[in-house]
Amino acid sequence: MSSTSSGNGLLHLNDVEAGHGPGPDPSKGDNDDLLDSDADPSDPFDIAHTKNAPLETLKRWRQAALVLNASRRFRYTLDLRKEEEKEQRKRMIRAHAQVIRAALLFKLAGEKQIGGTPVASPVAGGDFGIELEQLASMTRDHKLSALQQFGGVKGLSGMLRTNIELGINGDEADLLNRRNAFGSNTYPRKKGRSFWRFLWEAWQDLTLIILIIAAAVSLGLGIKTEGLKEGWYDGGSIFFAVFLVIVVTATSDYRQSLQFQNLNEEKRNIQLEIIRGGRTVKISIYEVVVGDVVPLKIGDQVPADGILITGHSLAIDESSMTGESKIVHKNQKEPFLMSGCKVADGFGTMLVTGVGINTEWGLLMASISEDTGEETPLQVRLNGVATFIGIVGLAVAGSVLVILLARYFTGHTEDPNGMAQFIKGVTKFDDAFNDVVKIFTIAVTIVVVAVPEGLPLAVTLTLAYSMRKMMADKALVRRLSACETMGSATTICSDKTGTLTLNEMTVVEAFVGKKKIDPPADSSQLHQSVLSLLSEGVAQNSTGNIFVPKDGGDVEISGSPTEKAILSWALKLGMKFDVIRSESTILHVFPFNSEKKRGGVALERSDSEVHIHWKGAAEIVLASCSGYLDSNGCLQPISEDKEFFKAAIDEMAANSLRCVALAYRLCEKEKIPTNEESSSGWVLPEDNLVLLAIVGIKDPCREGVKEAVKICMDAGVKVRMVTGDNIQTAKAIALECGILASAEDATKPTIIEGREFRVLSEKDREEMAKEITVMGRSSPSDKLLLVQALRKGGDVVAVTGDGTNDAPALHEADIGLSMGIQGTEVAKESSDIIILDDNFASVVKVVRWGRSVYANIQKFIQFQLTVNVAALVINVVAAISSGDVPLNSVQLLWVNLIMDTLGALALATEPPTDNLMHRSPVGRREPLITNIMWRNLLIQALYQVTVLLVLNFSGLTILHLKDDENREHAFEVKNTLIFNAFVLCQIFNEFNARRPEELNCFKGVTKNYLFMGIVGFTFILQIIIIEFLGKFTSTVRLDWQLWLVSIGIGIISWPLAILGKLIPVPKTPLGAFFMKPFQRSRNA
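Residues numbered from 1 in each chain as written. Predicted model: local features only at pLDDT ≥ 70, side-chain atom pairs only at ≥ 80, totals over all residues. Heavy atoms only, no water.

1. Digging into the overall build of the protein chain
Then comes step 1: Within the protein chain one finds 39 helices and 28 strands.
Then comes step 2: Relative to its full complement of 1084 residues, the protein chain shows a buried share of 57%.
Then comes step 3: Residue pairs at least 24 apart in sequence account for 74% of intrachain contacts in the protein chain once pairs closer than 6 positions are excluded.
Then comes step 4: Accessible area of the protein chain: about 44100 Å², with a carbon and sulfur share of 57%. (Helix = DSSP H or I, 4+ residues; strand = E, 2+ residues; numbered from the N terminus. Buried < 20%, exposed > 50% of the residue type's maximum accessible area, 1.4 Å probe, protein only. Contact = heavy atoms within 4.5 Å. Areas by Shrake-Rupley, 256 points an atom, 1.4 Å probe, with all protein chains shown as cover.)

Listed below in structure tokens is the structure:
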């Protein structure tokens, strides 16, 4: 994210993982080089992928850029130095955690909060049987002996007044007591940059510093020669203009930084489930307290330091803290859990023992001031454009300086009365020096106007605006570059469940034996023994939970949507969840695995019989079954009836149902390992299963998905469905959503199973990937292979994912989109954008905003280059021909403010239009300045240059000012009209820039209040400048006729733009015509 985002009081893993920094990823490097084979190695600004770009590449473009204000230009790029410092801090905290914590507590003494984040000052002991320091020491140093002295987890939970099954009470008094005793799960964050810091950075611009020095010299000379009353105007007006530029620039940058801070607040605010008062509740990570019982499952982030209560195959990735990419298995011998780490496998529950700065993670986050930012491909390219324009501007400014000085000292520069300004031996030194300072000031001001310092920053401005608006459209951007890359997306690989469908699941069909139970929850149609086994399997082989309120309220079911659907069905059948769980003991768990598509549990009943229950994809579980229980509870061989069950599964799948099978088998107790070491490697038997039931779960399509898919297709973005579900279910949903146009399209290779795709050679995969529309029964590794194949084929790929195993595909894709509701923390960390409502329609909105970012930047470039070309040409031609320039320093600074900061604000914040989704995706290497833009800007610039030069050379005659007795006043009127007409041309041309390709440039303008406000503000300020600030800007008041002339000159740009848009342009980019001779010479 941007470098404005400081740590904001939230314990969250963000870009501090070992091996996941912004530097090169060894697993991806070769692939990215391959994808970037058409890059120009001689062009440092030609970087198609800044995601995981090598540090050397990033250094190279920085060194090549022409920069006047480095602190401002590189504010939103990756801070290469800070990235190295972050790793050093991590190592230091590991070694000196206690000392750092003591220093931090000392610093916090007497402070109630830092940077707006409250940090509770812990009070020793309180009402608890253990003190903070004892807890912190035990957890920090992983002292198993200390834990045993406290009586293990049960003893410790008693000291913390926690029930390890029901959690803490959780009322306000209890929570306050715990925060006072053990601290809150926040850490002190360093304050964000103040407005004064932005002011300081804004005036670091080299040209502005030179202008301030020149203004000081001019002020001194003016006062010396003309006295204080009249002599301060020249220097003072430049001072004021520079001050205005600095204040407006700083204000814009400061507002932008606040937007990024607010977005980062959202990004880090993890929501997690905890158990309080026996019920599962969702809270912010901020609100976790010592004593909380937290369920952990694969993909979760450990929210605080803690101790394992119970766990099954629980494996933790501790690389974020230790720096070692090693998975650590947690059990009663290794019970300590560190905040900020992630659950790699299994599930369990933990007792929170340390929060906030009492954890190593909290200390680390408190010591890291800011994210280090990142650059986007568009930002890098715009730095290249700015550098090229800047070099031209410097050359022009240098030429103007030489010409003006040469003309001045050779006596060819005349005043309004026709007298030479410099006569050797006659002109006083002070007068000559003052004139030279003025000439030098004009040249420097031309550099200010010519070097578009704000051009690369306009990307950040439009991204900040877009990201804020995208939040309202349910998309949280984690990586800036993804926002613009989405505009280039050519294909979206979407999950089915929860993205294309509602994720509101209900069991609508059920087969027990060969009998279809109708309605599916009618227990009277089932034998008691079948009911008992089904209830046992559902209750124990589940990560979900059921809470029955004591006051007789509604039953609360928690878990994944599939778990909730099956638990709800079993409840209707009469399952007693808590009773069943208390009557049997879990011996071993095989957590649900997206590769194997099933999960299992071994349990010992009260009669010492051991049952192994499996639940998973119907056809996969069915393949492992050797028998089935019929509805009367009799065991039947399955061999003769397997085709019946397969047909039942296919029929349910064809009706868009997700098919899940439940099966069990008996197991001899002696075969089950008794100690933790041997049980960790033991595999649950999965053969000779007895089928209990097959259920069909309905998950209806989301409303509006079909329309969203059609919008994508019309926009040239191919939608592909990649799902772990049965291929028949996938086909039915794809037809329903419009991903497949008709059933006739559902043939290979358009629709394919993951296992068929993965066995192909790399070359065949690349060929087939282009044809695939639906992939069923796919594993996360199949999704990764598909993404790699599509990218090698030249596609810009967006991929959705919610599971931990989706992380590699999300990381590999050009844009990784994780799900905000169902997505695991691991998936979110690996993604670029989080879709907050898990809805495919929101993905389409992201594409729209991505295209809008690119379009807005192009609008701003067109507008800015028009001003640049016109201002430079007018001043250069006038300087060469007459030795004077019609636009002076203060006027040019005002023009610079209009085109740079105010222009960027007006045009870079245009909302997206429907027209954007009727175009093809923006190519990675499509020129920034298209032929349409060249046509528009050249027509406007040519018109402005022609009219204003005619006014410059013949203005006295045209305006009937030749006979004016006061020649100086006549010249001032002429120059004021030129300045006024030039500014009004820019104001009217700002409307043209809104719609570079459409004839009607006013469409929707009244709804864009910011645009209208900036245009109105600019126009009112221009009136004030002309009518009331003449002394500062060297202008005079204009009568109403000349105001009408100025407005007339400006308004002609509207019909001119409409006529210009009727001129056809060649398809071949203009740059290609100029590049061909260079390419020929290079090839030769």
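2. Some details on the sheet that holds strand 26 (residues 797-801)
Then comes step 1: Taken in spatial order, the eight strands line up as 10-28-27-26-11-23-25-24 in an open sheet, and their pairing is mixed. At either end of the open sheet lies a strand with only one pairing partner, and these are strand 10 (475-477) and strand 24 (751-753). Within the sheet, the average angular offset between the axes of one strand and its neighbour, ignoring direction, is 20°. (Pairing = 2+ DSSP bridges. Axes fitted to C-alpha atoms, helices over the stretch in contact; angles between N-to-C directions.)

3. Digging into the pairing of strand 21 (residues 657-667)
Consecutive side chains along a regular strand alternate between the two faces of the sheet.
Then comes step 1: In terms of residue burial, strand 21 counts as a mostly covered element, since 10 of its 11 residues are buried.
Then comes step 2: Sheet topology places strand 18 (residues 610-617) next to strand 21; eight bridges connect them, and they run antiparallel. By the bridge assignment, W614 is partnered in strand 21 with A663.

4. Regarding unusual backbone geometry
Keep in mind that most residues, glycine aside, have a negative phi and that most peptide bonds are trans.
Then comes step 1: Across the junction of D518 and P519, the peptide omega takes the value -5°, indicating a cis bond.
Then comes step 2: Note on placement: P519 falls in the loop between strand 13 (515-516) and helix 18 (528-540).
Then comes step 3: With omega at 0°, the peptide bond leading from K748 into P749 counts as cis.
Then comes step 4: With respect to the helices and strands, the residue P749 is situated in the loop between helix 25 (727-737) and strand 24.
Then comes step 5: If you check the backbone angles, K474 has positive phi at about 65° while not being a glycine.
Then comes step 6: By secondary structure assignment, the location of K474 is in the loop between helix 16 (454-472) and strand 10.
Then comes step 7: Residue class for K474 comes out partly exposed when judged on its relative accessible area of 41%.
Then comes step 8: For R777, which is not glycine, the phi torsion reads 45° and is therefore positive.
Then comes step 9: Position of R777 among the secondary structure elements: in the loop between strand 25 (774-776) and helix 28 (780-792).
Then comes step 10: Classification of R777 by relative accessible area gives buried; the value is 12%.

5. Details of the nonpolar core
Then comes step 1: Counting residues in hydrophobic clusters, the biggest one holds 155 residues, and the most contacted among them are I739, I815, I833, F840, I861 and F982.
Then comes step 2: Residue contributions to this core peak at 20 residues, all from helix 31 (residues 840-882).
Then comes step 3: When residues no more than four places from it in sequence are discounted, the contact partners of F982 are V867, A870, A871, I874, L887, V895, Q944 and L948.
Then comes step 4: Listed in part, the 48 residues of the second largest apolar core include L156, I275, V288 and L337. (Core = buried A, V, L, I, M, F, W, Y, C linked by side-chain atoms within 4.5 Å.)

6. Focus: the side chain of T976
Then comes step 1: Structurally, the position occupied by T976 is in helix 34 (residues 967-994).
Then comes step 2: By relative accessible area, T976 is classed as buried at 0%.
Then comes step 3: At 3.1 Å, the side chain of T976 forms a polar contact with the backbone nitrogen of V1036.
Then comes step 4: Not counting chain neighbours up to four residues away, the residues in contact with T976 comprise I1026, S1034, T1035, V1036 and L1038. (Polar contact = N/O pair within 3.5 Å; in protein donor to acceptor, adjacent residues only side chain to side chain.)

7. So, the pattern of salt bridges
Note that side chains of opposite charge can pair when their charged atoms are close.
Then comes step 1: For the structure on display, the rule yields 41 salt bridges.
Then comes step 2: Notably, a salt bridge pairs E563 with K615, separated by 2.8 Å at the nearest N-O pair. You can see E563 sitting in helix 19 (residues 561-573) and its partner K615 sitting in strand 18, a full 52 residues away along the chain. For the pair shown, E563 and K615 are each scored as buried. (Salt bridge = Lys/Arg side-chain N within 4 Å of Asp/Glu carboxyl O.)

8. With respect to helix 33 (residues 931-958)
Then comes step 1: At N952, helix 33 is deflected by roughly 60°, the largest bend along its length.
Then comes step 2: Just beyond helix 33, the residue with positive phi is H960, at close to 55°. (Bend = angle between axes of the 7 residues up to and from the residue.)

9. Things to note about the packing of aromatic side chains
Then comes step 1: Tallying each qualifying case throughout the model produces 16 aromatic pairs.
Then comes step 2: With 5.8 Å between their ring centres and 65° between their planes, F198 and Y254 make a pair best called edge-to-face. Of this pair, F198 sits in helix 9 (residues 195-202) while Y254 sits in helix 11 (residues 233-268); the two residues are 56 residues apart in sequence, bridging distant segments of the chain.
Then comes step 3: Three or more aromatic residues joined by ring pairs make a cluster, and in this case those are F988, F991, F1002, F1011 and W1054.
Then comes step 4: Sitting above the plane of the F644 ring, K514 keeps its charged end 5.4 Å from the centroid.
Then comes step 5: One cation-aromatic arrangement involves R598 over W614; the distance from NZ or CZ to the ring centre is 5.7 Å. (Phe/Tyr/Trp six-rings, centres within 6.5 Å; stacked < 30°, edge-to-face > 60°. Lys NZ or Arg CZ within 6 Å of the ring centre and 35° of its normal.)

10. Structural notes on the confidence of the model for the protein chain
Then comes step 1: Averaged over every residue, the pLDDT of the protein chain is 81; the share at 70 or more is 83%.
Then comes step 2: By mean pLDDT, the top-scoring element of the protein chain is strand 22 (residues 689-698) (95), and the lowest-scoring one is strand 1 (residues 113-114) (40).
Then comes step 3: Predicted confidence for residues 1-37 stays below pLDDT 50, and this span has 139 contacts to residues more than four positions away or in other chains.
Then comes step 4: This stretch, residues 110-124, has a pLDDT under 50; its non-local contacts, to residues over four places away or in other chains, come to 34 contacts. (pLDDT = per-residue confidence, 0-100.)

11. Digging into a nonpolar patch on the surface
Then comes step 1: Together, V869, V873, V877 and F953 give the surface a local cluster of nonpolar side chains, amounting to about 270 Å² of exposed area.
Then comes step 2: Of the residues forming the nonpolar patch, the biggest block, three residues, is contributed by helix 31.
Then comes step 3: Judged by relative accessible area, V869 falls into the partly exposed class, the value being 33%. (Patch = residues over 30% accessible without salt bridge, like charges linked within 9 Å, V, L, I, M, F, W, Y side chains within 5 Å.)

12. Overview of the pairing of strand 3 (residues 271-276)
Then comes step 1: In the sheet, strand 3 pairs with strand 4 (residues 279-284) via six bridges, with the strands oriented antiparallel. Looking across to strand 4, one finds that L272 is bridged to I283.
Then comes step 2: Counting the residues in the hairpin turn of strand 3 and strand 4 gives two residues, including G277, whose phi is positive at 60°.

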